[in-house]
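Coordinates in review
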Amino acid sequence: MSAVGASEGSPLLAVRNLTKLFGSFAACNGIDLDIKSGEIHALLGENGAGKSTLVKMLFGVLAPTSGQILWKGEAVRIASPGAARRIGIGMVFQHFSLFEALTVAENIALSLSPGISLSKVAEEASRLSHLYGLPLDPNAHVADLSVGERQRIEIVRALLQNPELIILDEPTSVLTPQEADRLFETLAKLKSEGRSVLYISHRLEEVQRICDRATVLRHGKVTGACDPRKETPASLARMMVGSDVASVSAAGTNTKGDVLLEARHLTVPSRTPFAVALKNVCLKVRSGEVLAIAGVAGNGQGELFDALSGEYPVVDPTAVSIRGKAAGNLGITARRLMGAGFVPEERHGHAAVTTLPLSDNLVLARSQSDRKTFLAGGLLGIIRQAVVRIASKRISETMDVRKSGENPAAGSLSGGNLQKYIVGRELDRQPAVLIVNQPTWGVDAGAASRIRQALVDLAKSGSAVLVISQDLDEIFEVATEIAVISEGRLSDSYPAHDLTREKIGLLMGGMYGKTEGEVAHAH
Amino acid sequence: MRIELEKRANPSTLYSIVSPFLALALTVVAGGIMFALLGKDPGAALYSFFIEPLLDVWSLHEIAIKAAPLILIGAGLSVCYRSNNWNIGAEGQFIAGAIAGSIVPVVFHEWHSSLVLPLMLIFGMIGGALYAAIPAFLKAHMNTNEILTSLMLVYIAQLFLDWLVRGPWRSPDAYNFPVTRDFAPEAILPELISSGRANLGFALAIVAAVGLWIMMRYTLKGFEITVLGQSERAGRFAGFSSKRMIWFSMLLSGGLAGLAGIAEVSGTIGKLQPVISPGYGFTAIIVAFLGRLNPLGIIAAGLFLALTYVGGEAVQLTLSVSDKVTRVFQGLLLFFVLSCDTLIQYKIRLVFARLGQSNEGGAH
């Protein structure tokens, strides 16, 4: 397993004038890109800038409409992921494709040719994983592994093909800061062997830290190629967004208001074998506060949202209180009527129905809270389309939602614009309590700053805001209080200005003996 | 080599409107070929299948009679299918409704009152709804696949009806024929107009279809049905319960199928007999999809499918071909409707990959 350096001068991979059309829409428009041997190359861009389309073409998932891909100076046609692997391109996707019920070695063997024996795969995988500082037990079941460990399986799986170019799609979005540091060491080792890495990220600090060069995309075109170390985060962001990104002015209210949202010893068993159980979660959010819950993906954030929103109510009424009234056993509609608003993590098919127009998606969240305004005909429940459309227009204008046409299908909006609409839909009714899971997940920088400012402003106006997020930058921007969730347990909350990234990182790893002691003491 | 369906980025709106008509045209062409293979003149055969029935008052009445159950059932099924509940057992609910509705005229045949008919219709609806409640309960509380349970219950209903008319409900005056006693005049659904046999069932069907159309288009209930059909998770977020929707949609479609059953028995047959339906409950599935799961479209589709029944009888008489021709036409039609819809959403791609030879065989 030794990497072969490409001939000097010509880059390992060159992309010339690559274009991908979907109908008349150019997802990638005349892209030029060079990746040299032994460099870590960043691909930057907002959501919808064409990063994934470009990468899918490089990995043979999509066929380019026109343009050329040159591998070591020769034009190649990459027809399938298999073909990409054969010429030496490996890829680690953002969303893993692993079978949870199988072991690590079995999962790896699935992607290899059928003839190789399982024990040989296990041996090779464990050798590689130690070589690259990615310790893995080949006989462990995937279901028992953390997200970081699962990512290692994907990386080892890619390394087994002895690739010269490894593509990583947003690899650190699921890692703790400490886990990310280890990944960076692995990347440095790969680089020292002469392998190249194409690193897709929107985290500018990371890119500056580990990448040798960066290519920035915007609206399907290359807007800049630079050495990220010579740039500032602000200048990189400008290349991505095309304008300066407004910085969020933090909440910083000093007056402590009433507790508007409270969870008391909230315990929820896991609904499925692979879900996380919530264990004795206690939290309080006061009027004027933004409590941010940090944590690595898959530690119970979704389950906590489900229990707090009432999508899955719990038995104990006092486990969740909204504005001082017990609501644990009540459904989401009742909790909305008590003054709470909710923004789930997944936009498509949870917070919004993509095939339905925006106005219908407004009714989705507010059919009961705004029953008097939106519905006519008493029990018949006739939807007053005209009224709903006016409200929908108001929300779009307030949140600066960019869309084609007056009332397009939710699915036709970009991720950021749809998220602005979904957040705006709740803000529009001035909820006393707002619970948001991953408010700016996969959202471009411009929209993210707008959404964060809106959350901060809502708290300033006297509401209680709970933000569940994996993005530490975001958390420090919006939070007045911070708590960390790990394996379904929630730490105490600390004032935001008392915490550092390192402390949060430790809490994320589940090291909070002190906290557990305090919880036990509080009983 | 393998064939892949690749989702089209921008499916043509024009084609999705034209699709049912395209399917009709293809059905007619394929039917013409079938008649030619049978040694009949395709032109004449298609004429007597599709055109002749429209030129005659008697057969127009027959079309209305056959369209009524198709529209009633199809409209109910469209609500079910839109909410992502797959009731395939409307045929069984049709029979259950017919049996329940016949309790009054068969068991209490000595009671004469103007209340008999309304009671029969209500019992019919309840019977169909209760029969659909079985798969609804199994799906909502046992997580059972409603496609299988509702379909299997069809055979139970058919055999139960058979037993009933040969056993406890057999008429004492029918010389041992397996039928119930004839319904009294006040138990017969009246004719719509004086020129023929078409009865009030057709009016009921139109009212039900228009009512459901209004519900789907203008009300929160219709919105709830659409949302839960598209995404259960989004429905939960909206505060809608998918369990309650299983009950609602199954009881609604079952009730309408039951109403169709009692209307058919009361209006057209006048008694119960071992076989009361030429497969209306199954044909209504075609009607629902040909009508694009839109109750107004279903009125048109129901009339057209009724034409295939009447036309099938016509060619049987004039050209002496098998009555299975009707089934073939209905099958062709469903096939073409679904294929047209699929090809509008997806394009076919032939992939000439050397699977197995490559050492990446199972990689993706």
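Since we're looking at a predicted model, the values are computed, not measured.

With that out of the way, let us pick up the nonpolar core. Counting 176 residues, the largest nonpolar core has Leu-266, Leu-283, Ile-293 and Leu-304 of chain A together with Phe-35, Ile-73 and Phe-223 of chain B as its most contacted members. Looking at which element gives the most residues to this core, the answer is helix 3 (residues 57–82) of chain B, with 14 residues. In this structure, Leu-266 of chain A is in contact with Leu-278, Lys-279, Asn-280, Val-281, Leu-304, Ala-307, Leu-308, Val-314, Ala-319 and Val-320 of chain A, ignoring residues within four places of it in sequence. Leu-159, Leu-175, Val-216 and Val-241 of chain A belong to the second-largest nonpolar core, a separate cluster that totals 49 residues.

To continue, consider the interface of chain B and chain A. Counting residues at the interface gives 23 residues for chain B and 40 residues for chain A. Both sides together, the interface formed by chain B and chain A hides about 2,500 Å², and carbon and sulfur atoms give 58% of it. Where chain B packs against chain A, one counts 2 salt bridges. The shortest N-O distance in the salt bridge between Glu-311 of chain A and Arg-233 of chain B comes to 3.1 Å. Residue assignment for the side of chain B that touches chain A shows that the elements contributing at least two residues are helix 8 (220–230) and helix 9 (232–237) of chain B. Counting residues per element, the side of chain B that touches chain A draws most heavily on helix 8 of chain B, at 5 residues. When its residues are assigned to classes, the side of chain B that touches chain A shows 10 nonpolar, 10 polar and 3 charged.

Moving on, we come to the sheet that holds strand 9 (residues 213–218) of chain A. Residue and element names in this part refer to chain A. Read across the sheet, 6 strands follow the order 6-7-8-3-9-10 without closing on themselves; strand pairing throughout is mixed. A strand with exactly one partner marks an edge of an open sheet, and here the two such strands are strand 6 (89–92) and strand 10 (221–226). Each strand of the sheet is rotated relative to its neighbour by a mean of 20 degrees, with strand direction disregarded. Summarising the sheet, strand 9 and strand 10 pair through 5 bridges and their orientation is antiparallel.

A separate point is empty space enclosed by the protein. Evaluated as defined, the whole model comprises 4 cavities of 30 Å³ or more. The space that makes up the largest cavity amounts to roughly 80 Å³. Around the largest cavity, the lining residues are Gly-133, Leu-134, Gly-148, Gln-151, Arg-152, Ile-155, Leu-175, Glu-179, Arg-182 and Leu-183 of chain A. Among the elements that make up the lining of the largest cavity, the one with the highest residue count is helix 5 (residues 147–159) of chain A (4 residues). Partitioned by chemical class, the residues of the lining of the largest cavity number 4 nonpolar, 3 polar and 3 charged. Every residue along the wall of the second largest cavity is listed here: Ile-65, Ala-68, Pro-69, Leu-72, Asn-199, Gly-201, Ala-260, Ala-263, Glu-264 and Thr-268 of chain B. Broken down by secondary-structure element, the contributors of at least two residues to the lining of the second largest cavity are helix 3 and helix 10 (242–269) of chain B. Within the lining of the second largest cavity, the residues separate by chemical class into 6 nonpolar, 3 polar and 1 charged.

Let us look at the state of the cysteines. All names here are of chain A. Counted according to the given criterion, the structure contains 0 disulfides over all chains. Cysteine Cys-28 is unpaired, with the sulfur of Cys-226 as its nearest cysteine sulfur at 18 Å. Using a relative accessible area of 0% as the deciding quantity, one classes Cys-28 as buried.

A word on the packing of aromatic side chains. Enumeration over the complete set of coordinates arrives at 17 aromatic pairs over all chains. Seen in terms of ring centroids, Phe-305 of chain A and Phe-342 of chain A are 6.5 Å apart; in terms of plane orientation they differ by 90 degrees. Their pairing is edge-to-face. Note that Phe-305 of chain A is positioned in helix 9 (residues 301–309) and Phe-342 of chain A in strand 16 (residues 340–343), a separation of 37 residues in sequence. Take Phe-342 of chain A: its relative accessible area is 0%, and that puts it in the buried class. For the ring pair Tyr-280 of chain B and Tyr-309 of chain B, a centre distance of 5.7 Å and an interplane angle of 75 degrees mean the geometry is edge-to-face. In this pair, Tyr-280 of chain B is assigned in helix 11 (residues 280–290) and Tyr-309 of chain B in helix 12 (residues 295–318), connecting sequence segments 29 residues apart. Each member of the pair Tyr-280 of chain B and Tyr-309 of chain B is classed as buried.

Residues and elements named next belong to chain A. One open sheet accounts for 4 strands, arranged 12-11-14-15; its pairing is antiparallel. Two strands close off the open sheet at either side, each with one partner strand: strand 12 (278–286) and strand 15 (325–326). Summarising the sheet, strand 14 (residues 320–322) and strand 15 pair through 2 bridges and their orientation is antiparallel. In the sheet register, Ser-321 faces strand 15, and the bridge partner there is Ala-326. Against the sheet, helix 9 engages strand 11 (259–268), strand 12 and strand 14, with an angle of about 120 degrees to strand 11.

The next subject is the domain arrangement of chain B. Residue and element names in this part refer to chain B. Considered domain by domain, chain B is made up of domain 1 (1–40 + 322–358) and domain 2 (66–320). Distance between the C-alpha centres of domain 1 and domain 2: 29 Å. When domain 1 packs against domain 2, close to 1,400 Å² is buried across both sides, 68% of that on carbon and sulfur atoms. In this structure, the connection of domain 1 to domain 2 is made through 1 salt bridge. Linking Arg-292 and Asp-341 is a salt bridge whose minimum nitrogen-to-oxygen distance equals 2.2 Å. Counting every contact that joins domain 1 to domain 2 gives 5 residue pairs in polar contact (both at pLDDT 80 or more). Only helix 1 (13–37) and helix 13 (324–345) provide two or more residues apiece to the side of domain 1 that touches domain 2. Looking at the side of domain 1 that touches domain 2 element by element, the count peaks at 9 residues for helix 13.

Bringing a nonpolar patch on the surface into the picture now. Side chains of Leu-14, Tyr-15, Ile-17, Val-18, Phe-21, Leu-22 and Leu-26 of chain B sit close together on the surface and give an oily, nonpolar patch of about 690 Å² of accessible area. Within the secondary structure, Tyr-15 of chain B is located in helix 1.

This part takes up the packing of helix 7 (residues 200–218) of chain B against helix 12 of chain B. All names here are of chain B. Direction vectors running N to C along helix 7 and helix 12 enclose 150 degrees, while the axes themselves pass 8 Å from each other. Judged by the angle between their axes, helix 7 and helix 12 are roughly antiparallel. When helix 7 is examined against helix 12, the residues Phe-202, Ile-206, Ala-209, Val-210, Leu-212 and Trp-213 are found in contact with a partner set consisting of Pro-295, Leu-296, Ile-299 and Leu-303. Classifying every residue of the contact of helix 7 with helix 12 by side-chain character gives 10 nonpolar, no polar and no charged.

To continue, consider the environment of Leu-356 of chain A. Along the chain, the position of Leu-356 of chain A falls in the loop between strand 16 and helix 11 (358–366). For Leu-356 of chain A, a relative accessible area of 10% puts it in the buried group. Along the chain, Leu-356 of chain A and Asn-407 of chain A lie 51 residues apart, while their C-alpha atoms are 9.6 Å from each other. Excluding residues within four positions of it along the chain, Leu-356 of chain A makes contact with Asn-361, Pro-408, Ala-409 and Ala-410 of chain A together with Phe-223, Thr-226 and Val-227 of chain B.

So, how was this worked out
Residues numbered from 1 in each chain as written. Chains lettered and ligands numbered in written order. Predicted model: local features only at pLDDT ≥ 70, side-chain atom pairs only at ≥ 80, totals over all residues. Heavy atoms only, no water. Core = buried A, V, L, I, M, F, W, Y, C linked by side-chain atoms within 4.5 Å. Buried < 20%, exposed > 50% of the residue type's maximum accessible area, 1.4 Å probe, protein only. Helix = DSSP H or I, 4+ residues; strand = E, 2+ residues; numbered from the N terminus. Contact = heavy atoms within 4.5 Å. Buried area = accessible area lost by both parts, 1.4 Å probe. Salt bridge = Lys/Arg side-chain N within 4 Å of Asp/Glu carboxyl O. Nonpolar A, V, L, I, M, F, W, Y, C, P; charged D, E, K, R; others polar. Pairing = 2+ DSSP bridges. Axes fitted to C-alpha atoms, helices over the stretch in contact; angles between N-to-C directions. 1 Å grid on protein atoms, 1.4 Å probe; cavity = no way out; pocket = protein on both sides within 12 Å on 5 of 7 lines; lining within 4 Å. Points joined across faces, edges and corners; volume = space filled by probe spheres on them. Disulfide = S-S within 2.5 Å. Phe/Tyr/Trp six-rings, centres within 6.5 Å; stacked < 30°, edge-to-face > 60°. Domains from an automatic or database assignment. Polar contact = N/O pair within 3.5 Å; in protein donor to acceptor, adjacent residues only side chain to side chain. Patch = residues over 30% accessible without salt bridge, like charges linked within 9 Å, V, L, I, M, F, W, Y side chains within 5 Å. Areas by Shrake-Rupley, 256 points an atom, 1.4 Å probe, with all protein chains shown as cover. Parallel < 35°, antiparallel > 145°, perpendicular 65-115°, else oblique.

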